[in-house]
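# Structural characterization, general
Residue-level listing of the chains:
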Amino acid sequence: MRDTDLFQMALGLVPPWMVKRSAFDATAKRLDIYLDFGKGSRFPCSECGEPDCPAYDTEEKTWRHLNFFQHEAFLHARVPRVTCKGCGVKQVSVPWARPGSGFTLLFEALVMVMVQAMTVAETGQMVDEWDTRLWRIIHHYLDEARGRADYSDVTRVAFDETAARRGHNYVSLFIDLDCRRVLFATEGKDATTVAAFATDLAAHGGNPEAVAEVCIDMSPAFIAGAAESLPKAQITFDKFHVVKLINEAVDEVRRAEQKSRTELNKSRYLWLKNPQNLSDRQRTQLESLSGSNLKTGRAYRMRLAFQELYAQPAGEANAFLKKWYFWATHSRLPPMVEAARMVKRHWDGILRWFQSKIANGIMEAINSLVQAAKAKARGYRSMRNLKAIIYLIVGKLELALPT
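Just so it is clear, the structure is predicted and the values come from calculations on it, not from any experiment. (Residues numbered from 1 in each chain as written. Predicted model: local features only at pLDDT ≥ 70, side-chain atom pairs only at ≥ 80, totals over all residues. Heavy atoms only, no water.)

### Some details on the overall build of the protein
Convention followed: Secondary structure elements follow DSSP: runs of H or I no shorter than four residues count as helices, runs of E no shorter than two count as strands, and numbering proceeds from the N terminus. The reference for a compact globule is 2.2 Å times residues^0.38; the radius of gyration itself is calculated from the C-alpha atoms. Accessible area is worked out with a 1.4 Å probe on protein chains only. A residue is then buried under 20% of its type maximum, exposed over 50%, and partly exposed in between. Any two residues whose heavy atoms approach within 4.5 Å at even a single point are treated as in contact. Only the protein chains shown count as covering a residue, and every accessible area follows the Shrake-Rupley method with a 1.4 Å probe. Charge counting follows a simple rule: Lys and Arg are positive, Asp and Glu are negative, and His as well as the terminal groups are ignored. Note on charges: their place is set at NZ of Lys, CZ of Arg, CG of Asp or CD of Glu.
Counting secondary structure elements, the protein contains 16 helices and 11 strands. Relative to the globule expectation of 22 Å for 403 residues, the C-alpha radius of gyration of the protein, 30 Å, shows a markedly less compact shape. Structurally, the protein occupies a C-alpha span of about 95 × 50 × 35 Å along its principal axes. Here the protein holds 403 residues, and the buried ones make up 46% of them. The contacts in the protein between residues at least 6 apart in sequence include a share of 57% that link residues at least 24 apart. For the protein, the computed accessible surface area is about 21100 Å², with 52% contributed by carbon and sulfur atoms. Across the protein, the 55 positively charged side chains and the 46 negatively charged ones have centroids separated by 6 Å.

### Points about the sheet that holds strand 9 (residues 181-187)
Defined as follows: Any two strands with at least two DSSP-identified bridges between them are counted as paired. Axis definition: a line fitted to C-alpha atoms, limited for helices to the stretch in contact. Angles are taken between N-to-C directions and run from 0 to 180 degrees.
On the basis of which strands lie adjacent, the open sheet formed by 5 strands has the order 9-8-7-10-11 and mixed pairing. Looking at strand neighbours, the two that pair on one side only are strand 9 and strand 11 (234-237), the edges of this open sheet. Going from strand to strand, the sheet's axes swing by 25° on average, the running direction of each strand aside. With 4 bridges connecting them, strand 10 (residues 213-216) and strand 11 associate as parallel partners. The partner of Ile216 across the bridge, within strand 11, is Phe237. Of the strands in this sheet, strand 7 (156-165), strand 8 (169-176), strand 10 and strand 11 are in contact with helix 6 (residues 220-229), which crosses strand 7 at around 140°. Lying on the sheet, helix 16 (residues 383-394) is in contact with strand 7, strand 8 and strand 9; it crosses strand 9 at an angle near 175°.

### Regarding a nonpolar patch on the surface
For the record, the criterion: Patch membership is restricted to residues that have no salt bridge and whose relative accessible area is over 30%. Joining uses 9 Å for like charges and 5 Å for the nonpolar side chains Val, Leu, Ile, Met, Phe, Trp and Tyr. Any carboxyl oxygen of Asp or Glu that lies within 4 Å of a side-chain nitrogen of Lys or Arg is treated as forming a salt bridge with it.
On the surface, Phe24, Phe68 and Phe69 cluster together into a nonpolar patch covering about 350 Å² of accessible area. The exposure class of Phe69 is exposed, given its relative accessible area of 67%.

Laid out in structure tokens, this is it:
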């Protein structure tokens, strides 16, 4: 079998396209395959699909293809422009590459598979291409996939911010709690991010008024944004953020008391961990400190009691929280009093958990994946690249890669 016939079959070319010749350079580790079409060949118009258009002129183009063993491979062809009666002069679409790309479809598919398992920089090193060129491939397929995404069944959403880079740079993530996927990622963490999400949701077949439940932290911006842009949604305040509020109050009590009680030195994590997570040494130390009539000890017991809220039957939760609120506000511990007042201001959203049973646990898992990808890549040069990686690893998008 001739090499041209072999490559014709391997590339899956059909008339009028054919392999004209090939050139292999072992020293340069490079294979060049030259494609052509017969004289008088006719092509479909790339715009209207008219099937029988004559060639007007041609332009030489080159595409990077999958490696031939360890050797780089390139396709070359003179690509015709055709005369279409309805559309005028138009360049034809070739079957092995998309318009405007310097890579074949199969090479792009390989890249998209690789970047789901490794960084773009590592992928670039393996395929011997600049990562800036690979990013253009990534953005193309993700933009197409997001354009096809259907969010018509979205009714329960969680959102939170995550650090984009060092400093005060954030990206807000909006999660479909039922499908456990990122629906939308946008720069910032204010109320406008929720409005942007609502707009994007509608653009993908969703209905902001169909969102019945949202889970958020107690950010005033997110609360205001949800009320304005998701008007039918009931708000559940994420229980882990609520407990974190109480933990921070306990730590404030400890830091203030530590100035006069040296036995509290290096005891911070004793008061923040749950008892079952303490080591034997920590448990012994905590028992010793608990007998010292410390303010921190009282705050700690309030914290443990608050966590019991989420173990109460739904019908008893309100009464339980009222008792805890009375205890905290009469504790004469300013941080605990302030935390209790914060709970009071968000009372309904805290108790909403007993109906919705939703929390941001999936958000924390997704955030961990995003931060791990960011750390592995040593950051991203642009917000657009970071959002692309978020959609790639946790967007559950149908990429429709060529095969």
